[in-house]
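Each chain is listed here by its residues.
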Amino acid sequence: MEKTIQHNPDQVIVAENLTKKFGKFTAVDHISFEVKKGEIFGFLGANGAGKTTAMRMLCGLSIPTGGKGIVAGYDIGTQTELVKKSIGYMSQKFSLYDDLKVWENIELFGGIYGMKDAEIREKTDSLMKLLNFENERDKLVGSLPLGFKQKLAFSVSIFHSPKVVFLDEPTGGVDPITRRQFWELIYDATSRGITVFVTTHYMDEAEYCDRVSIMVDGKIEALDTPRNLKKQFNANNMDEVFQQLARKAKRVDS
Amino acid sequence: MIKYLLKKEFKQILRNPFLPKMIFMFPFMVLMVFPWAASYEIKNLNLSVIDNDHSSFSRELTQKVVSSNYFRLTNVSDDYNQALKSIEKNEADIILEIPAHFEKDLMNRQGAKIMVSANAVNGMKGGIGMTYLVSIVNDFNAGIVRQLMPVVQAGNSVPTIQIDSQYRFNPHLNYRVFMVPALMVMILTLLCGFLPAVSIVFEKELGTMEQINVSPIPKTTFILAKLIPFWLVGFIVITIGFLIAWAVYGLVPAGYFSTIYLFAAIYILTVSGLGLVISNYASTLQQAMFIVFFFMLVFIMLSGLYTPIDSMPNWAKWIAAFNPLKHFMDVMRAVYLKGSNPLQLSKELFALIGFAAFFNTWAVLSYQKRN
């Protein structure tokens, strides 16, 4: 019997020896960490290091083969549906409906999370203003440029005010200006108390995080603030830190 | 919550550039074309005649055969071998050989023999052609008997049984009466079984499924939201079917429309449920299509659409007993032709309710929000 984790309301995500095996292959190998409320937690690692698998377990999309996880106060193994109510998720693949209009996508996902019609309408108006999207409101999402889509997807994932939002490489393929705007949206979310769990391959983005973990071959090899990590690895920037750690990887890039 | 999902499904169906057209065109295509082409009636059989007698009787017989509309005289040969060659060349389907002295033998009341030989590569065509030809010859024979023995004394006559056949429910054996209701079932099966399967797998491929799975939507709600639109599509499609059957073929069910709607409601749930089950197991459209085709083929072959279930071997009858298509086809034909009511069709009713419950429970259970 594994010991139950004492829940501390300040810790929004707790992972303890979280493990996922696919047959003989261990994608995620006993990882343990905590994420505090309101934090931006960067989850770094080379392709195939196990980031997405770990994130999918925390979101209740993938069943762990070992270890425990608590997200927003609920057990990811037994209280999956409660976890799902309290989180937002933006996957690597763009996943709003291309054949629905901007406002229809927002309405759909707001409705799915149990928001009332009036609340949805009101929040949609203010979101359209915030994003400068008033002209795009009635456009089909499929017709928008990628940068717009990504900002919209993020906004939809936090539309129902979740406690945590999981972002899986949210800025892949997006231009630097949009990336900057995107991070402004992330900061805006944390100012409202939403905890952000983000994976990225951009090392400048890693610098924006409060704390960063670096995964190598399914294990967490380093976890600290960007400043401390640079000190620890005697590096000028996060890129050098990443290079030193990722070079140890034995797994072939998937 | 389901309100939002239903809105989404309907908008997606209506905005699809292809689906709404397909939903309307498909019943038209199937019901306007197939009943004219997929016919049981064998017409225009090519006939080869070998007349060794050249008498008025032999000419009369040939004339009678050709004027029946079922045969076309395409070849006249001098002997059997030559006639056989015309079959090999596909110029003839059936050979009628009239021997020499045919008329003389008949006049002498000795009785005459003729030979009929059919190409049975297509067994059904050969068999039916043979039957037609034999009955024409019998008819001809009866005419000769009347002609040669005009007055038959009561005491002398041979006691014969005269058969007066009556075809109930389809007096003229019009195969369209039989095919059109069954084709409506086919259309429902294809549209309502195919579309839900494609719909979920498509979401899997796009990645939107992941966004749904990470949300707190209950499994049953999601499945229901996928099911209900296709249920309505099914009603539209079958109503179009009714209209075409009435306008083009003058077919109106002998029973009530409400009976058909009741059964259709359950049947659509059954096939949509099966489609959803398939989509839960298939991870790509290609896989889903193949599984759907497999089931469709088995369903159609063992449905009694073309070949009656009763003449199938026992194992096939068992498979057919678990074929929802067969049950609904029986219902449609019974209501259209006989005017049966749900009480008389209670066996099919319970079978279909059972299938619908089975497939939809399976669909909910097999839909995994996590792996």
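What you see is a predicted model, and the numbers here were worked out from it, not measured in a lab.

The rules behind these values
Residues numbered from 1 in each chain as written. Chains lettered and ligands numbered in written order. Predicted model: local features only at pLDDT ≥ 70, side-chain atom pairs only at ≥ 80, totals over all residues. Helix = DSSP H or I, 4+ residues; strand = E, 2+ residues; numbered from the N terminus. Rg over C-alpha atoms; globule rule 2.2 N^0.38 Å. Contact = placed C-beta atoms within 7 Å. Pairing = 2+ DSSP bridges. Axes fitted to C-alpha atoms, helices over the stretch in contact; angles between N-to-C directions. Nonpolar A, V, L, I, M, F, W, Y, C, P; charged D, E, K, R; others polar. Domains from an automatic or database assignment. Left-handed = near helix turned anticlockwise from the far one by under 90°. Buried ≥ 20, exposed ≤ 12 C-beta atoms within 10 Å, placed from the backbone. Parallel < 35°, antiparallel > 145°, perpendicular 65-115°, else oblique. Expected span 1.5 Å × (residues − 1). Arc of directions from axis to C-beta. Core = buried A, V, L, I, M, F, W, Y, C linked by C-beta atoms within 7 Å.

Draft legend 1. Fine view of the overall build of chain B. Within chain B, the secondary structure is distributed over 14 helices and four strands. Relative to a compact globule of 371 residues, whose C-alpha radius of gyration would be 21 Å, chain B shows 28 Å and is clearly more extended. Dimensions of chain B, computed from C-alpha atoms along their principal axes, come out at roughly 95 × 45 × 40 Å. Long-range contacts, defined as pairs at least 24 residues apart, comprise 78% of the intrachain contacts of chain B with a sequence gap of at least 6.

Draft legend 2. The sheet that holds strand 3 (residues 40–45) of chain A, seen in detail. Residue and element names in this part refer to chain A. The strand order 6-7-8-3-9-10 describes an open sheet built from six strands, whose pairing is mixed. Of all strands in the sheet, those with a lone pairing partner are strand 6 (87–90) and strand 10 (219–224), marking the two edges. Direction aside, neighbouring strands of the sheet carry axes that sit 15° apart on average. Both strand 9 (residues 211–216) and strand 10 contribute to a ladder of five bridges, which runs antiparallel. Looking across to strand 10, one finds that Val216 is bridged to Lys219. Here helix 5 (residues 146–157) sits on the sheet in contact with strand 6 and strand 7 (164–168), set at roughly 160° to strand 6. Across the sheet, helix 6 (residues 176–191) touches strand 3, strand 7 and strand 8 (195–199), and the angle it forms with strand 8 is around 150°.

Draft legend 3. The arrangement of the interface of chain B and chain A in detail. Each side of the interface is counted separately: chain B has 18 residues, and chain A has 24 residues. Within the residue set of the side of chain B that touches chain A, elements represented by two or more residues are helix 1 (2–15) and helix 8 (208–213) of chain B. When residues in the side of chain B that touches chain A are grouped by element, the largest group, six residues, is from helix 1 of chain B. When its residues are assigned to classes, the side of chain B that touches chain A shows five nonpolar, seven polar and six charged.

Draft legend 4. Summary view of the pairing of strand 4 (residues 66–71) of chain A. Residue and element names in this part refer to chain A. Two strands pair when backbone bridges link them, and strand 1 (residues 11–22) and strand 4 are joined in this way by five bridges, in the antiparallel orientation. Each residue of the ladder has a partner; that of Ala15, found in strand 4, is Gly69. As paired elements, strand 4 and strand 5 (residues 74–75) share two bridges and run antiparallel to each other. From the neighbouring strand, Val71 faces strand 5, where its bridge partner is Tyr74. With antiparallel pairing between neighbouring strands as the criterion, strand 4 and strand 5 make up a hairpin whose turn holds two residues, including Ala72 at a positive phi of roughly 55°.

Draft legend 5. Looking closely at the sheet that holds strand 4 of chain A. All names here are of chain A. As summarised here, the arrangement of the four strands in space is 2-1-4-5, forming an open sheet in which the pairing is antiparallel. Only two strands of the sheet have a single partner each, and these edge strands are strand 2 (25–36) and strand 5. Bridging between strand 1 and strand 2 involves eight bridges; their strand directions are antiparallel. Bridge assignment links Phe22 to a residue of strand 2, and that residue is Phe25. Helix 1 (residues 51–58) rests against strand 1, strand 2 and strand 4 of the sheet, and its axis sits at about 120° to strand 1.

Draft legend 6. Structural context of the domain arrangement of chain B. Here chain B is partitioned into domain 1 (2–38 + 179–366) and domain 2 (45–148). Relative to domain 2 of chain B, the C-alpha centre of domain 1 of chain B lies at a distance of 48 Å.

Draft legend 7. Representation of the packing of helix 7 (residues 175–206) of chain B against helix 10 (residues 257–281) of chain B in the model. Residues and elements named next belong to chain B. Two elements in contact, helix 7 and helix 10, have axes whose closest approach is 7 Å; the angle formed by their N-to-C orientations is 35°. In this structure, the crossing between helix 7 and helix 10 has a hand that is right-handed. In this structure, helix 7 uses Leu188, Thr189, Cys192, Gly193, Phe194, Pro196, Ala197, Ile200 and Val201 to contact helix 10, whose residues at the interface are Ala264, Tyr267, Ile268, Val271, Ser272, Leu274, Gly275, Leu276, Ile278, Ser279 and Asn280. Grouping the amino acids of the contact of helix 7 with helix 10 by side-chain chemistry returns 14 nonpolar, six polar and no charged.

Draft legend 8. Inspection of unusual backbone geometry at higher detail. Notably, His30 of chain A is not glycine yet its phi reads approximately 45°, a positive angle. Within the secondary structure, His30 of chain A is located in strand 2. For His30 of chain A, a count of 15 C-beta atoms within 10 Å corresponds to the partly exposed category. One non-glycine residue, His101 of chain B, lies in positive phi territory at about 65°. Secondary-structure assignment places His101 of chain B in the loop between strand 3 (94–98) and helix 5 (102–107).

Draft legend 9. Representation of the packing of helix 1 of chain B against helix 9 (residues 219–249) of chain B. Residues and elements named next belong to chain B. For the pair helix 1 and helix 9, interaxial distance at closest approach is 9 Å and the crossing angle is 40°. Between helix 1 and helix 9, the interaxial angle falls into the category oblique. Like other packed secondary-structure pairs, helix 1 and helix 9 cross with a definite hand, here right-handed. In this structure, helix 1 uses Ile2, Leu5, Leu6, Glu9, Phe10 and Ile13 to contact helix 9, whose residues at the interface are Thr221, Phe222, Leu224, Ala225, Lys226, Ile228 and Pro229. The residue makeup of the contact of helix 1 with helix 9, split by class, is 10 nonpolar, one polar and two charged.

Draft legend 10. Inspection of the environment of Leu191 of chain B at higher detail. Residue and element names in this part refer to chain B. With respect to the helices and strands, the residue Leu191 is situated in helix 7. Considered as a pair, Leu191 and Ile268 are 77 residues apart in the sequence and their alpha carbons are 9.5 Å apart. Discounting chain neighbours no more than four positions away, the residues touching Leu191 are Ile23, Phe26, Val233 and Val237.

Draft legend 11. Highlighting helix 1 of chain B. Taking 1.5 Å per residue, 14 residues should reach 20 Å; helix 1 of chain B reaches 20 Å between its end C-alpha atoms and fits that length. By the burial criterion, the buried members of helix 1 of chain B are Tyr4, Leu5 and Lys8 of chain B. The buried residues of helix 1 of chain B occupy an angular sector of 100° when the element is viewed end-on, so they sit on one face. Turned more than 90 degrees away from the buried face of helix 1 of chain B sit Lys3 and Leu14 of chain B, all of them exposed. Among the structural elements, helix 3 (102–112) of chain A together with helix 9 of chain B are those in contact with the buried residues of helix 1 of chain B.

Draft legend 12. Looking closely at the nonpolar core. Judged by nonpolar contacts, the single largest core of 137 residues is most densely connected at Phe166, Val196 and Phe197 of chain A together with Leu188 and Met332 of chain B. Ranked by residues supplied to this core, first place goes to helix 7 of chain B with 17 residues. In this structure, Phe166 of chain A is in contact with Met55, Leu58, Cys59, Ile87, Tyr89 and Phe197 of chain A, ignoring residues within four places of it in sequence. Core analysis: the second largest hydrophobic core is formed by 17 residues, Leu47, Ile50, Val65 and Leu106 of chain B among them.

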